[in-house]
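Read off the chains here:
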Amino acid sequence: QVQLVESGGGLVQAGGSLKLSCAASGSIFSINAMAWYRQAPGKQRELVATITRGGSTNYADSMKGRFTISRDNAKNTVYLEMNSLKPEDTAVYYCSADIITRSSYYSARYWGQGTQVTVSS
């Protein structure tokens, strides 16, 4: 009933920039917090940044000052602008959204399929 579709990943040189997008669609009543996570090969998934419906943001320490999370509530879309990318930022990036559907009173977390970001040195 609900889908999250990421886009914008790719290959970039160290020091470069990328902007990821994640659009939610389906039987959505409202979206609360949205977030980006990443998972590098052989490592656990880690939180990158979160944003509330009102626009309050929070970042992992290693991303502060380089990454910016934003959202467009009218489009049910969350973005991640990544600057000054480093090879260690290479990972699959996943978006998540806490969504109340039109058929439920409760919020549930939904995940996108992931988009690969590769930073070459």
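Residues numbered from 1 in each chain as written. Predicted model: local features only at pLDDT ≥ 70, side-chain atom pairs only at ≥ 80, totals over all residues. Heavy atoms only, no water.

Within the structure shown, the criterion is met by one aromatic pair. Centroid distance Tyr-37 to Trp-111: 4.9 Å. Interplanar angle 55 degrees. Geometry classified as tilted. Here Tyr-37 is found in strand 4 (residues 28-39), whereas its partner Trp-111 is found in strand 10 (residues 107-111), with 74 residues between them in sequence. In this structure Tyr-37 comes out as buried when scored by relative accessible area, which is 16%. Trp-111 gets classed as partly exposed once you look at its relative accessible area, which sits at 35%. In this structure, Lys-19 is placed above the aromatic ring of Tyr-79, and the distance from its NZ or CZ to the ring centre is 4.9 Å. The ring of Trp-111 carries the charged tip of Arg-45 above its face, separated from the ring centre by 4.8 Å. (Phe/Tyr/Trp six-rings, centres within 6.5 Å; stacked < 30°, edge-to-face > 60°. Helix = DSSP H or I, 4+ residues; strand = E, 2+ residues; numbered from the N terminus. Buried < 20%, exposed > 50% of the residue type's maximum accessible area, 1.4 Å probe, protein only. Lys NZ or Arg CZ within 6 Å of the ring centre and 35° of its normal.)

Strand order in the open sheet formed by four strands is 1-3-8-7, with antiparallel pairing between adjacent strands. Lying at the two open borders of the sheet, with one neighbouring strand each, are strand 1 (2-7) and strand 7 (67-72). Neighbour to neighbour, the strand axes of the sheet diverge by 15 degrees on average, direction disregarded. With six bridges joining them, strand 1 and strand 3 (residues 18-26) adopt antiparallel strand pairing. Its bridge partner lying in strand 3, Val-5 is registered against Ala-23. (Pairing = 2+ DSSP bridges. Axes fitted to C-alpha atoms, helices over the stretch in contact; angles between N-to-C directions.)

Moving on, we come to the environment of Gly-65. Topologically, Gly-65 is positioned in the loop between strand 6 (57-59) and strand 7. For the pair Gly-65 and Ser-30, spaced 35 residues apart in the sequence, the C-alpha separation amounts to 29 Å.

This part is about the pattern of salt bridges. Throughout the structure, instances matching the rule amount to five salt bridges. A salt bridge links Arg-66 to Asp-89; the shortest N-O distance between them is 2.7 Å. Of the two residues, Arg-66 sits in the loop between strand 6 and strand 7 while Asp-89 sits in the loop between strand 8 (77-82) and strand 9 (91-101), which places them 23 residues apart along the sequence. Residue Asp-89 is classed as buried on the basis of its relative accessible area of 1%. Of the charged contacts, one joins Asp-98 and Arg-109 as a salt bridge, the two residues approaching to 2.7 Å between their closest N and O atoms. One end of the pair, Asp-98, is in strand 9; the other, Arg-109, is in strand 10, and eleven residues separate them in sequence. (Salt bridge = Lys/Arg side-chain N within 4 Å of Asp/Glu carboxyl O.)

With that settled, consider the state of the cysteines. If you walk through the whole model with that rule in mind, you get one disulfide. Note that Cys-22 is cross-linked by a disulfide to Cys-95, the S-S spacing being 1.9 Å. Disulfide Cys-22-Cys-95: the torsion about the S-S bond is 45 degrees, which places it as right-handed. Taken as a pair, Cys-22 in strand 3 and Cys-95 in strand 9 lie far apart in primary sequence, 73 residues in all. With respect to burial, Cys-22 and Cys-95 carry one shared label: buried. (Disulfide = S-S within 2.5 Å.)

This part covers unusual backbone geometry. Backbone geometry places Asn-76, a non-glycine residue, at a positive phi of 55 degrees. Structurally, Asn-76 is set in the loop between strand 7 and strand 8. Although it is not a glycine, Ser-84 sits at a positive phi angle of roughly 50 degrees. With respect to the element layout, Ser-84 can be found in the loop between strand 8 and strand 9.

Note that every value here comes from positions in space, so none of it alone points to a role or purpose.
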